[in-house]
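Letter by letter, the chains look like this.
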Amino acid sequence: LPEVPTMAVEKVFVYNNTSIVQDEILAHRLGLIPIRADPRLFEYRNQGDEEGTEIDTLQFQLKIKCSRNPQAAKESSDPNELYFNHKVYSKHMTWVPLGNQTDLFPDADFRPVHDDILIALLRPGQEIDVLMHCVKGIGKDHAKFSPVATASYRLLPDITLLQPVEDEAAEMLQKCFSPGVIEIQNIKGKKVARVANARLDTFSREVFRHEGLKNLVRLARVRNHFIFSVESTGILPPDVLVSEAIKILMGKCQRFLNELDSVPME
C-alpha cells in the first residue's frame, strides 16, 4: 500500500479555468485520477526540479470548451442535448510527449486508467486549459500514488461437522453459510450435508443462532494459511503489485541484515 510506486499528477499548470470548479479543487481531482503508465519505466524526479525530463515526467494536457448545440430542440432541457462538451471526462486528457519520449516509448499508450471519470461540468462559454506533470511517487507521501484500492488478508476458514447432518437440518445448515460452502449429497435416500469449500465462508456465525445446529459444527481458522485480496486501481495488475511489494520487503530485510552486520560486537 504505501511503498509500491506509481505515476500520478503532481503539478497542474492552469492557463485558463472559467468553470465553477476552483483551481485547487480541479488540481486535487486531477491528482486522484489513476494513470496507466508503468512506473518501472521512470525515475524519481529530483527535489526542486520544476521542469522535469523525459525519464522522470509524463505530461498531459486538458483543453476543452463548452458550447451550445444549434441543432438542439427548443423545448429540450437536457444538457446532453443542449450543449457540446458540457461534461469533462478523463478521456479528454491527452499525452504530450516530453523530449524524446516518442522514441523511448514507441508503443506506449499513456492515458488515464478509466475514460469515464468525471472531472468537471461546464456551461456555454466556460473552458478549462491546463497542463499536468505526472511524476513517480509512493503512497507514503500521498494517497494518490497508492497502486491499490483495497488490500486485505484473512485466515483460511476451517469448518468441521462434528456429527452427520441430514434432511431438514442439512438444508438449514446450507442456508447458514455462504453459497458453495455446504453441499448436500443424496446418500441412500437421505440428504446429507458436507463441507464443499470452506474458503468461501465469510464467518457470519449464523449457524450458532439455531439451537439444533450450533453443537454440530466447529468453526476455526487455519493459523498458517493466509488469503490475500488485492484490488488494483488498474495501473498495474494485482500479481505484479504483489511481486513488487515482496521485492520491497526483501530489500528492507536485506538492509536490516546489513545494519546488523555493521554493528560491532561487544
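Quick caveat, the model's predicted, so the values are computed rather than measured.

S.K.: Go over the overall build of the protein, please, and point to the residues and values.
M.R.: A tally of helices and strands in the protein yields five helices and 14 strands. A globule of 266 residues ought to have a C-alpha radius of gyration of about 18 Å, yet the protein, at 28 Å, is considerably larger. Counting only C-alpha atoms and orienting by the principal axes, one finds that the protein spans roughly 85 × 75 × 35 Å. Taken over 266 residues, the protein has a buried fraction of 35%. As presented, the protein carries roughly 16,600 Å² of accessible surface, and 51% of it is formed by carbon and sulfur atoms. The averaged location of the 37 negative side-chain charges in the protein is 8 Å from the averaged location of its 32 positive side-chain charges.

S.K.: Give me the side chain of Thr-57: which residues, what numbers.
M.R.: Looking at the secondary structure, you find Thr-57 in the loop between strand E2 (35-36) and strand E3 (58-65). Thr-57 sits in the buried class, given a relative accessible area of 0%. A distance of 2.9 Å separates the side chain of Thr-57 from the side chain of Arg-45, its partner in a polar contact. Among the polar contacts made by the side chain of Thr-57, one reaches the side chain of Asp-56 at a distance of 2.7 Å.

S.K.: Outline the pattern of salt bridges, listing residues and values.
M.R.: Applying the stated criterion across every chain, the model contains 13 salt bridges. A salt bridge links Arg-40 to Asp-38; its shortest N-O distance comes to 2.9 Å. Since its relative accessible area comes to 48%, Arg-40 is described here as partly exposed. Here Glu-244 and Arg-40 are joined by a salt bridge, their closest N and O atoms 3.6 Å apart. Of the two residues, Glu-244 sits in helix H5 (residues 238-262) while Arg-40 sits in the loop between E2 and E3, which places them 204 residues apart along the sequence.

S.K.: Tell me about unusual backbone geometry, residues and numbers included.
M.R.: The backbone of Asn-85 shows a phi angle near 55°, a positive value even though the residue is not glycine. Its location among the elements puts Asn-85 in the loop between strand E5 (83-84) and strand E6 (87-89). Non-glycine residue Phe-203 carries a positive phi angle of around 55°. With respect to the helices and strands, the residue Phe-203 is situated in the loop between strand E13 (190-195) and strand E14 (217-232). By relative accessible area, Phe-203 is classed as buried at 16%.

S.K.: Can you explain helix H1 (residues 23-31)? Please cite residues and give values.
M.R.: Buried within H1 we find Leu-26, Leu-30 and Gly-31. Along the long axis of H1, the arc covered by the buried residues comes to 135°, so they all point the same way. Each element contacted by the buried residues of H1 is listed here: strand E1 (6-17), E3, strand E9 (118-121) and strand E10 (127-137).

S.K.: Describe the nonpolar core, and please don't skip the residues or the numbers.
M.R.: Note on soluble globular proteins: their nonpolar side chains tend to be buried together. Membership of the largest hydrophobic core comes to 26 residues, with the highest contact counts inside it found for Leu-30, Leu-62, Met-93, Ile-119 and Ile-128. When contributions to this core are tallied by element, the ones reaching two or more residues are E1, H1, E3, E9 and E10. When sequence neighbours within four positions are dropped, the list of residues in contact with Leu-62 reads Leu-30, Val-88, His-92, Met-93, Ile-119, Ile-128, Asp-129, Val-130 and Met-132. Of all hydrophobic cores here, the second largest spans 16 residues; its members include Val-165, Ala-170, Val-207 and Leu-213.

S.K.: Just give me the short version of the sheet that holds strand E7 (residues 94-95), but keep the residues and values in it.
M.R.: Think of a sheet as strands paired side by side through backbone hydrogen bonds, with each pair either parallel or antiparallel. Strand order in the open sheet made by the four strands is E1-E10-E3-E7, with antiparallel pairing throughout. The open sheet has two edge strands with one neighbour each: E1 and E7. Here ten bridges tie E1 to E10, and the two strands are oriented antiparallel to one another. Counterpart to Lys-11 in the pairing with E10 is His-133. The strands touched by H1 within the sheet are E1, E3 and E10, with E1 carrying the most contacts at an inclination of about 150°.

Conventions and cut-offs
Residues numbered from 1 in each chain as written. Predicted model: local features only at pLDDT ≥ 70, side-chain atom pairs only at ≥ 80, totals over all residues. Heavy atoms only, no water. Helix = DSSP H or I, 4+ residues; strand = E, 2+ residues; numbered from the N terminus. Rg over C-alpha atoms; globule rule 2.2 N^0.38 Å. Buried < 20%, exposed > 50% of the residue type's maximum accessible area, 1.4 Å probe, protein only. Areas by Shrake-Rupley, 256 points an atom, 1.4 Å probe, with all protein chains shown as cover. Lys, Arg positive; Asp, Glu negative; His and termini not counted. Charge placed at Lys NZ, Arg CZ, Asp CG, Glu CD. Polar contact = N/O pair within 3.5 Å; in protein donor to acceptor, adjacent residues only side chain to side chain. Salt bridge = Lys/Arg side-chain N within 4 Å of Asp/Glu carboxyl O. Arc of directions from axis to C-beta. Contact = heavy atoms within 4.5 Å. Core = buried A, V, L, I, M, F, W, Y, C linked by side-chain atoms within 4.5 Å. Pairing = 2+ DSSP bridges. Axes fitted to C-alpha atoms, helices over the stretch in contact; angles between N-to-C directions.

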